[in-house]
Amino acid sequence: MIKIYAPASIGNVGVGFDILGAAIKPINGSLLGDCITIKLSENFQLVNKGTFSHQLPINHEQNIVWKCWYKFCKLIKKNIPVSIILEKNLPIGSGLGSSACSVVSTLVAINEIFNNPLNSKELLLLMGEVEGEISGSIHYDNVAPSYLGGLQLIIDDSKIISQTIPNFKNWFWIVAWPGVKLSTAEARKILPKKYTKDICITNSRYLASFIHASYTQQSHLAARCMKESIAEPYRSKLLPKFTENKQNIQKLGAISCGISGSGPTIFAVAENIKIAKKISEWLTKNYLQNKTGFVHICYIDIKGARKIG
Ligand code: HSE
């Protein structure tokens with residue numbers, strides 16, 4: 001029996017739409033992500049547990065976990081039945097890479113129990129494929145950080161899918177999920193098909209400058225570059241009072257604030273724990289829409305998916 005954990009992630013990281021993703025872990029040591037416990041079995045079995053298991057489809061063949069197993073078996077041309085327990089600790093449609101957590105933990109667990117027939121690139125390609133089927137198009141900015149950990153730059157050329165770039169060790173990442181669902185597929189559909197030359201240039205400038213600032217460890221330059229014009233202007237209306245909230249969070253001392261993935265989670269960056277706590281309290285009071293919502297102060301999770309049992 002093997003147990004695998006895959007962490008939550010912030011897709012886009014405010015400047016790299018579909019290109020940057022950061023794995024995160026709460027500073028209080030709690031697990032913010034999904035777990036898969038797997039063993040070989042006579043036939044395919046799936047048990048859903050965890051805080052958000054009630055959001056999962058009743059029919060197992062509609063569950064991502066089944067899809068992962070089915071696709072994996074097809075790829076290696078062997079039908080090997082397994083028994084799986086999914087601990088669904090992340091809300092679906094939260095913008096924290098919830099589906100990626102399930103996909104990554106399941107595929108890592110299957111690969112492990114089958115004695116690693118796939119290498120890490122093949123595994124990541126399969127993760128992207130499953131994620132693409134769920135969200136409408138392939139994007140690696142949640143599966144790559146959840147699998148590999150750290151801050152990932154999606155390269156996606158013929159040889160390399162993603163590589164780790166330096167992050168800022170003194171940054172606290174505050175994430176607030178308001179307690180409502182937003183479908184990634186829907187949030188992708190509302191985006192324009194084409195962008196003007198000005199927007200393309202501005203976006204490239206900010207992204208290139210962010211990468212440069214990360215390598216040269218210029219924290220304030222990196223934070224100033226976390227602006228994006230591809231998704232935020234169109235998605236901000238889908239989040240509760242996003243523009244007003246962003247301004248308030250910045251007034252509290254956040255050096256950056258944006259939409260986590262496709263939302264509705266908001267993320268903010270603070271340089272010290274005092275400001276991080278202030279932002280966390282403010283978001284708890286003002287951004288959560290119901291009792292299921294939550295706020296976490298996080299570090300970057302540099303480990304990614306891992307065996308925890
Ligand atoms: N890059 C993806 C998007 C992330 O913004 O649609 C989804 O979590």
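Procedures and definitions
Numbering of residues starts from 1 in every chain and runs along the sequence as written. Per-residue local features are limited, in this predicted model, to residues with pLDDT of at least 70; the limit for side-chain atom pairs, both in listing and counting, is 80 or more; totals at the level of whole chains, interfaces and linings are taken over all residues. For the side-chain quantities, the full set of heavy atoms in the structure was used; hydrogens and water were omitted. Bear in mind that the domain bounds are from an automatic or database domain assignment. When checking whether two residues touch, look at their non-hydrogen atoms; a contact exists if any pair is within 4.5 Å. What gets called buried area is simply the loss in accessible area from a 1.4 Å probe that two parts show on being joined, summed for both. Here, a salt bridge means any side-chain nitrogen of Lys or Arg that lies within 4 Å of a carboxyl oxygen of Asp or Glu. Where helices and strands are cited, they refer to DSSP runs of H or I of at least four residues and of E of at least two residues respectively, numbered from the N terminus. Partly exposed residues are those whose accessible area sits between 20% and 50% of the maximum for their type, while under 20% is buried and over 50% is exposed, using a 1.4 Å probe and protein chains only. Only when DSSP finds a minimum of two bridges between them are two strands counted as paired. Buried Ala, Val, Leu, Ile, Met, Phe, Trp, Tyr and Cys residues that are joined via side-chain atoms within 4.5 Å together make up what is termed a nonpolar core. Near, as used in this document, describes a residue that has one of its heavy atoms within 4 Å of the molecule or strand being considered. Polar contact criterion, stated in full: a pair of N or O atoms within 3.5 Å, where within protein one must be able to donate a hydrogen and the other to accept it, and residues adjacent in sequence count only if both atoms are side-chain atoms. Using the Shrake-Rupley algorithm and a 1.4 Å probe, accessible areas are obtained, with residue cover drawn only from the displayed protein chains. Each residue receives one of three labels: charged for Asp, Glu, Lys and Arg, nonpolar for Ala, Val, Leu, Ile, Met, Phe, Trp, Tyr, Cys and Pro, and polar for the others, Gly being one of them. Between 30 and 60 degrees the pair is tilted, below 30 it is stacked and above 60 it is edge-to-face, where a pair is any two Phe, Tyr or Trp rings, Trp via its six-membered ring, whose centres lie within 6.5 Å. We call a charge positioned above a ring when the Lys NZ or Arg CZ atom is no farther than 6 Å from the ring centre and deviates by at most 35 degrees from the ring normal. UniProt positions are given in the numbering used here, feature names are shortened, and annotations may be inferred rather than shown by experiment. Disulfide assignment relies on a single distance test, namely cysteine sulfur atoms paired within 2.5 Å.

S.K.: Can you walk me through the domain arrangement of the protein chain in this structure?
M.R.: Size of an interface: often given as the accessible area lost when the parts come together. As far as domains go, the protein chain holds domain 1 (2–166 + 303–307) and domain 2 (172–297). Distance between the C-alpha centres of domain 1 and domain 2: 23 Å. Contacts between domain 1 and domain 2 engage 34 residues on the former and 38 residues on the latter. The junction of domain 1 with domain 2 conceals about 2,700 Å² of combined surface from both sides, 69% of it contributed by carbon and sulfur atoms. By the criterion of area lost to domain 2, the three top residues of domain 1 are Val15, Phe17 and Pro166, representing 22% of everything that side buries. Between the two partners, domain 1 and domain 2, sit one salt bridge.

S.K.: It is not clear to me how the pattern of salt bridges should be interpreted in this structure. Could you clarify?
M.R.: One side chain can pair with another of opposite charge once the charged atoms of both are near each other. Taken as a whole and judged by the stated rule, the model has nine salt bridges. In this structure, Asp18 and Arg188 form a salt bridge, with 2.7 Å as the shortest nitrogen-oxygen distance. Of this pair, Asp18 sits in the loop between β2 (9–11) and β3 (20–26) while Arg188 sits in helix α5 (residues 184–189), and the two are 170 residues apart along the sequence. Assigned by exposure class, Asp18 and Arg188 land together as buried. In this structure, Glu232 and Lys246 form a salt bridge, with 2.9 Å as the shortest nitrogen-oxygen distance. You can see Glu232 sitting in helix α8 (residues 232–235) and its partner Lys246 sitting in helix α9 (residues 242–251), a full 14 residues away along the chain. Each member of the pair, Glu232 as well as Lys246, is classed as buried. Sharing partners across several salt bridges, the network here consists of Lys71, Glu129 and Glu133.

S.K.: Explain the sheet that holds strand β5 (residues 45–49) here, please?
M.R.: Two orientations exist for strands paired in a sheet by backbone hydrogen bonds: parallel and antiparallel. Strand order in the open sheet made by the five strands is β5-β6-β4-β1-β13, with mixed pairing throughout. Two strands in the sheet have a free side with no partner beyond their single neighbour: β5 and β13 (306–307). In this sheet, strand β6 (residues 82–87) lies alongside β5 in parallel orientation, the contact comprising five bridges. Its bridge partner lying in β6, Asn48 is registered against Leu86.

S.K.: Can you help me understand the nonpolar core in this one?
M.R.: Within the largest apolar cluster, 41 residues are counted, with the highest numbers of intra-cluster contacts made by Ile38, Phe72, Phe114 and Met127. Listed by contribution, the elements that provide at least two residues to this core are β1 (2–7), β4 (33–40), α1 (64–76), β6, α2 (98–113), α3 (120–135) and α4 (143–148). Listed in part, the 32 residues of the second largest apolar core include Ile24, Phe52, Phe210 and Ala213.

S.K.: When you look at the site of the ligand in this model, what are you seeing that I'm missing?
M.R.: In the neighbourhood of the ligand, the contacting residues comprise Asn12, Phe17, Asp18, His139, Asp141, Asn142, Thr184, Arg188, Arg235, Gly261 and Ser262. Asp141 is positioned such that a nitrogen or oxygen atom in its side chain is 2.7 Å from a nitrogen atom of the ligand. Out of a free accessible area of 260 Å², the ligand has 98% covered by protein chains. Grouping the amino acids of the shell around the ligand by side-chain chemistry returns one nonpolar, six polar and four charged. Composition of the shell around the ligand by domain shows at least three residues from each of domain 1 (2–166 + 303–307) and domain 2 (172–297).

S.K.: Whenever I open this one, the packing of aromatic side chains confuses me. Can you help?
M.R.: Each aromatic ring pair is specified by the distance between its two centres and by the angle formed by the two planes. According to the stated counting rule, one finds ten aromatic pairs in the structure shown. Measuring from centroid to centroid gives 5.8 Å for Phe172 and Tyr299, while their planes differ by 35°, and the two rings are tilted. With Phe172 in strand β9 (residues 172–177) and Tyr299 in strand β12 (residues 294–300), this residue pair connects regions lying 127 residues apart in the sequence. When its relative accessible area of 36% is taken as the criterion, Tyr299 is described as partly exposed. One aromatic cluster is present, formed by Phe168, Trp171, Trp173 and Phe267 through successive ring pairs. Across the ring face of Tyr206, the terminal group of Arg205 is positioned such that the distance to the ring centre comes to 5.2 Å.

S.K.: Quick question: what am I supposed to make of the UniProt feature "domain: GHMP kinase N-terminal" (unreviewed entry) in the protein chain here?
M.R.: The UniProt record marks residues 63–150 with the feature "domain: GHMP kinase N-terminal" (unreviewed entry), using the residue numbering of this structure. Secondary structure within residues 63–150 divides into 58% helix and 7% strand; the distance between the first and last C-alpha atoms comes to 27 Å.

S.K.: What's the story with the state of the cysteines in this structure? I'm lost.
M.R.: Covalent bonding between the sulfur atoms of two cysteines defines a disulfide. In the structure shown here, the tally under the stated rule is zero disulfides. Just so you know, Cys225 is unpaired, no disulfide at all, and the nearest cysteine sulfur is the one on Cys257, 16 Å from it. Residue Cys225 is classed as buried on the basis of its relative accessible area, which comes to 5%. Free of any disulfide, Cys257 has its nearest neighbouring cysteine sulfur in Cys298, separated by 14 Å.

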